[in-house]
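# Summary of the model geometry
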Amino acid sequence: MIELNPHYAELKDSYLFRRIGAKTEAYCAAHPGTRLLRMGIGDVSLPLAPAVIRALHEAVDDQADKATFHGYLPECGAPFFREAVADHYRGRGIALTDGEVFVSSGASDELGDILDLFSPSSAALIMEPAYPAYVDASVIAGRRIVRLPAGEGNGFLPAPDDSLDADLVYLCSPNNPTGAVFPRELLGSWVDFANRRGAVILFDAAYEAFIEDPALPRSIFEIDGARTCAVEICSLSKTAGFTGTRLGYTVIPKDLTRGGQSLHAMWTRNRTTKTNGVSYILQRGGAAVFSEEGQRQIRENIAVYKRNAKTLMRVLDSVGVWYTGGRNAPYIWMKCPDGMKSWDFFDLLLNEIQVVGTPGEGFGACGEGYFRFSTFGSPEDTEEAAERVVRVLG
Ligand code: PLP
């Protein structure tokens, strides 16, 4: 009989958001008519920018006409999309060639698929609390995981240490769930660590567009030495509202080699084998994000989420609760009151004020005692949630 991947049995039985969903559904079934405020899952609430919608419509029309119809596109991305992304980087002072940009169907797909480049015997360093997909993708691959707990003491931004025995380093900045952003110098020490060890950094920049402090790096390629040790995985999901539309991109510099092999060449080989690329229509919509008009419009949407963050931060400040995030990230990571455990705080908010957030424990053991609020909801819901939260915390 065929032998299945035994590592699936090692996955935690219940994915965080499924457990939240089950608890929330049970509450709603027992309390029909409740107005629940969902401040948990990180899904956007604003529609795509008008410039993107126009490009999508035009691309659909192209597909209706023999003269403009597109069949298969290059697997690694349509030249117009790769160029738009590389131009965007160049505009921010980062010299990339178009060929170093790969289109993707989103960061999640990429974070899992890119592991094909590394031997299953290579160990993955995961700072916790972490986006759950890092751990799960590494478990499925049977990879050894080195957990690096972060905490209030280091602002949830751990520093490297040469005793860490890992080959792949996941860095997420701005971080989900903590909203913490690596300052330039600390990111530089991770780059030095990776280059010294011959490790590779998988830099998850899904939330880079939320960084407003110009002193903070939005790309790992702003750091000297990153071109020889890092892959940057980006998404249009949160930047431009593509969670349900699906599009992202990954940057692999041509200077990144290990054991004499080019990761860029390997990934090109991987993509040309395992995908036939991403739809022409979506890539046209994605390219529109990088137009002047698209950038202005996505900034307007991000500003709405930023105002939500301010609303929540104001309330937390007023009651003296410790938190990170919010300023340069769409998440606020707060300390539960009175030493409460995070699932207990979840139950308290659900039962007492009908607000749903995300228990920190779901992002790793060191997230216990913390709680995540997302700022992606509507301003009305966020304001009402903030008023209700102050009743519990005040
Ligand atoms: N990386 C992080 C840190 C995320 O929080 C998310 C989604 O919430 C993703 C990646 C996935 O993004 P995508 O929608 O592009 O798959």
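Report on the accompanying structure.

About the thresholds
Residues numbered from 1 in each chain as written. Predicted model: local features only at pLDDT ≥ 70, side-chain atom pairs only at ≥ 80, totals over all residues. Heavy atoms only, no water. Pairing = 2+ DSSP bridges. Helix = DSSP H or I, 4+ residues; strand = E, 2+ residues; numbered from the N terminus. Contact = heavy atoms within 4.5 Å. Axes fitted to C-alpha atoms, helices over the stretch in contact; angles between N-to-C directions. Expected span 1.5 Å × (residues − 1). Buried < 20%, exposed > 50% of the residue type's maximum accessible area, 1.4 Å probe, protein only. Arc of directions from axis to C-beta. Salt bridge = Lys/Arg side-chain N within 4 Å of Asp/Glu carboxyl O. Near = heavy atom within 4 Å. Polar contact = N/O pair within 3.5 Å; in protein donor to acceptor, adjacent residues only side chain to side chain. 1 Å grid on protein atoms, 1.4 Å probe; cavity = no way out; pocket = protein on both sides within 12 Å on 5 of 7 lines; lining within 4 Å. Sits in = over half its atoms within 2 Å of the grid points. Core = buried A, V, L, I, M, F, W, Y, C linked by side-chain atoms within 4.5 Å. Phe/Tyr/Trp six-rings, centres within 6.5 Å; stacked < 30°, edge-to-face > 60°. Lys NZ or Arg CZ within 6 Å of the ring centre and 35° of its normal.

Pairing between sheet strands relies on hydrogen bonds along the backbone, with the strands arranged either parallel or antiparallel. An order of S11-S12-S15-S14 is seen for the four strands of this open sheet, with the pairing classed as antiparallel. The open sheet terminates on both sides in strands that have one partner only, identified here as strand S11 (323-325) and strand S14 (358-359). When S14 meets strand S15 (residues 370-374), the two strands line up antiparallel, connected through two bridges. Pairing of Thr358 across the sheet is with Arg372, part of S15. Sitting on the sheet, helix H11 (residues 342-353) is in contact with strand S12 (331-335), S14 and S15, with an inclination near 50° to S15.

Here H11 contains twelve residues, and its C-alpha end-to-end distance of 16 Å stays within 8% of the 16 Å for a straight helix at 1.5 Å per residue. Of all the residues in H11, the buried ones are Ser342, Trp343, Phe345, Phe346, Leu349, Leu350 and Ile353. All buried residues of H11 lie within an arc of 160° about the axis, which places them on one face of the element. One or two residues past the end of H11 sits Gln354, with phi positive at roughly 55°.

Take helix H5 (residues 132-140) next. Along H5, the residues classified as buried are Pro132, Tyr134, Val135, Ala137, Ser138 and Val139. On its buried side, H5 packs onto helix H4 (107-113), strand S3 (124-128), strand S4 (145-149), strand S5 (168-172) and strand S6 (200-204). One or two positions beyond H5, positive phi appears at Gly142, with a value near 75°.

The next point concerns the sheet that holds S4. Spatially, seven strands are ordered S2-S8-S7-S6-S5-S3-S4 in an open sheet, and the strand pairing comes out mixed. Each edge of the sheet is formed by a strand with only one pairing partner; in this case those strands are strand S2 (101-104) and S4. In this sheet, adjacent strand axes meet at a mean angle of 20° when their direction is disregarded.

Quick look at the pairing of S12 now. Most of S12 sits out of view: four of its five residues are buried. Of the strand pairs in this sheet, S11 and S12 are connected by three bridges, and their pairing is antiparallel. Note on S12: the bridge partner recorded for Gly325 is Ile332. The antiparallel hairpin formed by S11 and S12 contains five residues in its connecting segment, where Gly326 sits at a positive phi of about 85°. As judged from the five bridges shared by S12 and S15, these two strands associate in the antiparallel manner. Considered in S15, the bridge of Trp333 is made with Arg372.

The subject of this paragraph is the pattern of salt bridges. Counted under the stated rule, the structure contains 24 salt bridges. Linking Arg271 and Glu110 is a salt bridge whose minimum nitrogen-to-oxygen distance equals 3.9 Å. Within this pair, whereas Arg271 is found in helix H8 (residues 263-274), its partner Glu110 is found in helix H4, the two being separated by 161 residues in sequence. Take Arg271 and Glu110: they sit in the same class, and that class is buried. Linking Arg184 and Glu222 is a salt bridge whose minimum nitrogen-to-oxygen distance equals 3.1 Å. Within this pair, whereas Arg184 is found in helix H6 (residues 184-197), its partner Glu222 is found in the loop between S6 and strand S7 (230-235), the two being separated by 38 residues in sequence. The class for Arg184 is partly exposed, based on a relative accessible area of 34%. Overall, the relative accessible area of 25% leaves Glu222 in the partly exposed class.

Looking at the ligand, there are 15 residues lining it, with Asn176, Asp204, Tyr207, Ser235 and Ser237 nearest. Here an oxygen atom of the ligand sits 2.7 Å away from a polar atom, N or O, in the side chain of Asn176. Within the side chain of Tyr207, an N or O atom sits 2.6 Å from an oxygen atom of the ligand. Taking a 2 Å distance to the grid points as the criterion, the majority of the atoms of the ligand fall inside the second largest pocket.

This brings us to the nonpolar core. Residues Leu171, Trp190, Ile201, Ile220 and Phe373 are the most contacted members of the largest nonpolar core, which totals 96 residues. Leave out the neighbours within four places in its chain, and Ile201 touches Val169, Leu171, Trp190, Val191, Ala194, Ile220, Cys229, Ala230 and Val231. Membership of the second largest hydrophobic core comes to 26 residues, among which are Cys76, Leu168, Cys172 and Trp267.

Given two aromatic rings, their pairing is described by the distance between the two centres and the angle made by the two planes. In total, this model carries 22 aromatic pairs according to the counting rule given. Between Tyr305 and Phe376, the ring centres sit 5.0 Å apart and the planes meet at 75°, which makes this aromatic pair edge-to-face. With Tyr305 in helix H10 (residues 292-318) and Phe376 in the loop between S15 and helix H12 (379-393), the pair connects residues that are 71 residues apart, well separated along the chain. The same class applies to Tyr305 and to Phe376, which are both buried. Each ring, one from Trp333 and one from Tyr370, has its centre 5.6 Å from the other, and the planes form 10°; the classification is stacked. Taken together, the positions of Trp333 in strand S12 and Tyr370 in strand S15 put the pair 37 residues apart, joining distant regions of the chain. In this structure, Trp333 and Tyr370 share a single accessibility class: buried. Sitting over the face of the ring of Trp343, Arg19 holds its NZ or CZ atom 3.9 Å from the ring centroid.

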